[in-house]
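Structural overview
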There are 2 protein chains.
Amino acid sequence: MSRVPSRAEAKDSNRSRAQRPRRAGRIARAAVPDDFNARDKLLDTASRLMSDRHGLNVSLSEIAEHSGLNSALVKYYFGNKEGLMVALVERDAAVELQRVRHLLDLDISPSEKLRLHIAGIINGFYRRPYLNRLMHSLLDHREAETSSARTIARVFVRPLMELQAQLLEQGVKAGEFKPVEPVLFYVNLLGACDHLFNARYALQSIVGGAGVTDAVRERYIAHVYDIFINGLRNSMPAAAPAPKPARRATAKARR
Amino acid sequence: MSRVPSRAEAKDSNRSRAQRPRRAGRIARAAVPDDFNARDKLLDTASRLMSDRHGLNVSLSEIAEHSGLNSALVKYYFGNKEGLMVALVERDAAVELQRVRHLLDLDISPSEKLRLHIAGIINGFYRRPYLNRLMHSLLDHREAETSSARTIARVFVRPLMELQAQLLEQGVKAGEFKPVEPVLFYVNLLGACDHLFNARYALQSIVGGAGVTDAVRERYIAHVYDIFINGLRNSMPAAAPAPKPARRATAKARR
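Residues numbered from 1 in each chain as written. Chains lettered and ligands numbered in written order. Predicted model: local features only at pLDDT ≥ 70, side-chain atom pairs only at ≥ 80, totals over all residues. Heavy atoms only, no water.

1. Observations regarding the overall build of chain A
The cut-off we apply is this: Secondary structure counts use DSSP, requiring at least four H or I residues in a row for a helix and at least two E residues in a row for a strand, with both numbered from the N terminus. Only protein chains enter the calculation, and the probe is 1.4 Å; a residue is then buried if its accessible area is under 20% of its type maximum, exposed if over 50%, and partly exposed in between. Throughout, a residue-residue contact means that at least one pair of heavy atoms, one from each residue, lies within 4.5 Å. Here the Shrake-Rupley method, with its probe set to 1.4 Å, supplies the accessible areas, and only the displayed protein chains count as covering residues.
Per the secondary structure count, chain A includes 11 helices and 0 strands. Ordered by position from N to C terminus, the α and β elements of chain A give α-α-α-α-α-α-α-α-α-α-α. A buried classification covers 52% of the 255 residues belonging to chain A. In chain A, once contacts between residues fewer than 6 apart in sequence are set aside, the share between residues at least 24 apart is 75%. Surface accessibility of chain A: about 11,600 Å² in total, with carbon and sulfur atoms responsible for 51%.

Structure (structure tokens):
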């Protein structure tokens, strides 16, 4: 996890040349501005443009124009457009993962943590309307078996899976959850959260209105939580209700 | 639903010119072969090429070459490549919807129907490794608010949602499920099923091996069913188990 740079780290104007991405050598040093926020500015601009457009169709020259920077800097910092997109996922992922780490440390029940986690994923995709599509697009071709998909796996999928495994373990220890395979749980939950945004145009034409409104999002968070919390809680699907272990409200959360 | 042509209908060599798609007028009638299976052959070829490649990157000239037909026929039957892709989703959707209709009529419990339905969706995406990505790609841009997204909504999303609403209602009547909003349930379940295939490259680099193997798929079906059946079954997430109405094994299925 130490390889996921936080936003603060990225802005650290004191970091040495050796700590910069390896691609940095590709263009002449003289072309690089003194402004060490340029990298972040490019990411911010790409993020804002894609958020405004609810889509990935943004060109390097647009990013350059809106950031007031030279598009050659994209090459300097990220290699190419895909490199910039991967870096953006990496930065967004770092923020979201930090939220989950914080959540795991809270002194609340694992069930409540699950509720906040589900709301966090759905609201995260809502705040960054390009993020789930960007990840799909970076993962969504055979060539993606190579570097971009591996990077997404390393900076987002694997660490989130590990954090969810900790949450599941806290729930099992507290007697609130039954054991499930964390990898399967990850796919199930992330798919459920992400599909609200994949399906939004179809939903719009069916339920009408402005698509994923705040009210729809709140109802969806409540629905997904309800399915998953009950799904995790019960071990006996058969007719007779299984005896449930009493909830230990004061169960010690595992770090 | 009557607007979803079955495969048999598409092959019906007796159908009149008036029943053909409106686009048919665009090229000279003389260019159309007597082989009324040409339309299906183009769809079959596109489906096979995309299945083989696990991707959407197939050109009209490749489809023409592999089908032994002239690529101008794509224009004749479908207008353009997107039209062909929409027609393919439409044909695949018709097959899958027919399976769900058949399932709803079976004399088995709603819980068992849900299990078969979940396996059906996941296995359907597995058999057509391009289908979920094709739907994402057709739905996944703002312009998609126009015709393609509306067609996908009409031929797949809405009818499947309606069939699931019937399944949910059967479950509630039989005392097996609690009531939930069908639209939210649709998004939750479809997202869960579809994400196994979206996430496969990331999974591959994490769990290793050949990606979505038969064993992984079986375990995933069991996991999703377990979460959803328990999620649907219990209305009281709190400590005390809620009294459940007895299961009526002979509950009349609603059409």
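2. A closer look at the side chain of Q170 of chain A
Within the element layout of this structure, Q170 of chain A appears in helix 8 (residues 147-173). On the basis of relative accessibility, which here comes to 3%, the residue Q170 of chain A falls in the buried class.

3. Describing helix 9 (residues 182-198) of chain B
Residue and element names in this part refer to chain B. Stated precisely, the cut-off is as follows: Helix span is expected to be 1.5 Å times the residue number reduced by one. Note on bend: the value at a residue is the angle between axes fitted to the seven residues ending there and to the seven starting there.
Taking 1.5 Å per residue, 17 residues should reach 24 Å; helix 9 reaches 23 Å between its end C-alpha atoms and fits that length. Bending of helix 9 peaks at approximately 25° at the position of A192. The buried fraction of helix 9 is high, at 15 of 17 residues.

4. Re the packing of aromatic side chains
The criterion, for reference: Working definition: rings of Phe, Tyr and Trp (its six-membered ring) pair if their centres are within 6.5 Å, and the pair is stacked with planes under 30 degrees apart, edge-to-face with planes over 60 apart, and tilted otherwise.
One pass over the structure, following the stated rule, counts 9 aromatic pairs over all chains. Measuring from ring centre to ring centre gives 6.1 Å for Y77 of chain A and F78 of chain A, while their planes differ by 50°; the resulting arrangement is tilted. This pair shows no difference in class: Y77 of chain A is buried, exactly as F78 of chain A is. Within the aromatic cluster, the residues linked to one another by ring pairs are F185 and F228 of chain A together with F185 and F228 of chain B.

5. Quick look at the environment of L203 of chain B
Assignment of secondary structure puts L203 of chain B in helix 10 (residues 200-207). When neighbours within four sequence positions are excluded, L203 of chain B is seen to be in contact with M161, V183 and V187 of chain A together with L196 and G208 of chain B.

6. Observations concerning the confidence of the model for chain A
Residue and element names in this part refer to chain A. Put simply, the test is: Confidence of the prediction at every residue is given by pLDDT, a number between 0 and 100.
Across chain A, the average pLDDT comes to 79, with 73% of residues at or above 70. Ranking the elements of chain A by mean pLDDT puts helix 1 (residues 7-11) last with 37 and helix 6 (residues 110-127) first with 96. For residues 236-255, every residue scores under 50 in pLDDT, and the model assigns this stretch 33 contacts once sequence neighbours within four places are set aside. For this predicted complex, the interface confidence score (ipTM) comes to 0.77, while the overall pTM stands at 0.78.

7. Some points on the packing of helix 6 of chain A against helix 8 of chain A
Residue and element names in this part refer to chain A. As a reminder, the rule being used: Every axis in this analysis is a line fitted to C-alpha atoms, fitted for helices over the stretch in contact. Angles between the N-to-C directions lie between 0 and 180 degrees. Small angles under 35 degrees read as roughly parallel and large ones over 145 as roughly antiparallel, with 65 to 115 read as roughly perpendicular and the rest as oblique. Handedness of a helix crossing follows the sense of rotation of the near helix relative to the far helix, less than a right angle counterclockwise being left-handed and clockwise being right-handed. Here the term charged refers only to Asp, Glu, Lys and Arg, the term nonpolar to Ala, Val, Leu, Ile, Met, Phe, Trp, Tyr, Cys and Pro, and the term polar to all other amino acids, Gly among them.
Between helix 6 and helix 8, whose axes approach to 9 Å, the crossing angle comes to 155°. As the angle between them shows, helix 6 and helix 8 are arranged roughly antiparallel. Considering how the two elements wind past one another, helix 6 and helix 8 form a crossing that is left-handed. Along its contact with helix 6, which presents P110, K113, L114, H117 and I121, the element helix 8 presents L160, Q164, L167, Q170 and G171. A class-by-class count of the residues in the contact of helix 6 with helix 8 yields 5 nonpolar, 4 polar and 1 charged.

8. Focus on the nonpolar core
Spelled out, the test is: Side-chain atoms within 4.5 Å link the members of a nonpolar core, which is a set of buried Ala, Val, Leu, Ile, Met, Phe, Trp, Tyr and Cys residues.
Within the largest apolar cluster, 146 residues are counted, with the highest numbers of intra-cluster contacts made by L114, I118 and F228 of chain A together with L114, I118 and F228 of chain B. Leaving out residues up to four positions away in the same chain, I118 of chain A has contacts with L189, C193, I221, V224, Y225 and F228 of chain A.

9. As for the pattern of salt bridges
How we decide: Salt bridges are defined as contacts in which a side-chain nitrogen from Lys or Arg sits within 4 Å of a carboxyl oxygen from Asp or Glu.
Following the criterion strictly, the structure yields 24 salt bridges over all chains and no others. D226 of chain B is paired through a salt bridge with K178 of chain A; the nearest N and O atoms lie 2.5 Å apart. Within this pair, whereas D226 of chain B is found in helix 11 (residues 214-233), its partner K178 of chain A is found in the loop between helix 8 and helix 9 (182-198), the two belonging to separate chains. Salt bridges linked by common partners bring D92, E96, R99, R127 and R128 of chain A together as one network.

10. Thoughts on the packing of helix 6 (residues 110-127) of chain B against helix 11 of chain B
Residues and elements named next belong to chain B. Packing of helix 6 against helix 11 leaves a shortest axis separation of 9 Å and a crossing angle of 140°. In terms of axis orientation, helix 6 runs oblique to helix 11. Note that helix 6 runs across helix 11; the crossing there is right-handed. When helix 6 is examined against helix 11, the residues S111, L114, R115, I118, A119, I122, N123 and Y126 are found in contact with a partner set consisting of D214, R217, Y220, I221, V224, Y225, F228, I229, L232 and R233.

11. Some thoughts on the environment of A165 of chain B
Residues and elements named next belong to chain B. Structurally, the position occupied by A165 is in helix 8 (residues 147-173). A residue is classified by how much of its surface remains accessible, and A165, at 23% relative accessible area, is partly exposed. A C-alpha to C-alpha distance of 8.9 Å links A165 and F185, two positions 20 residues apart in sequence.

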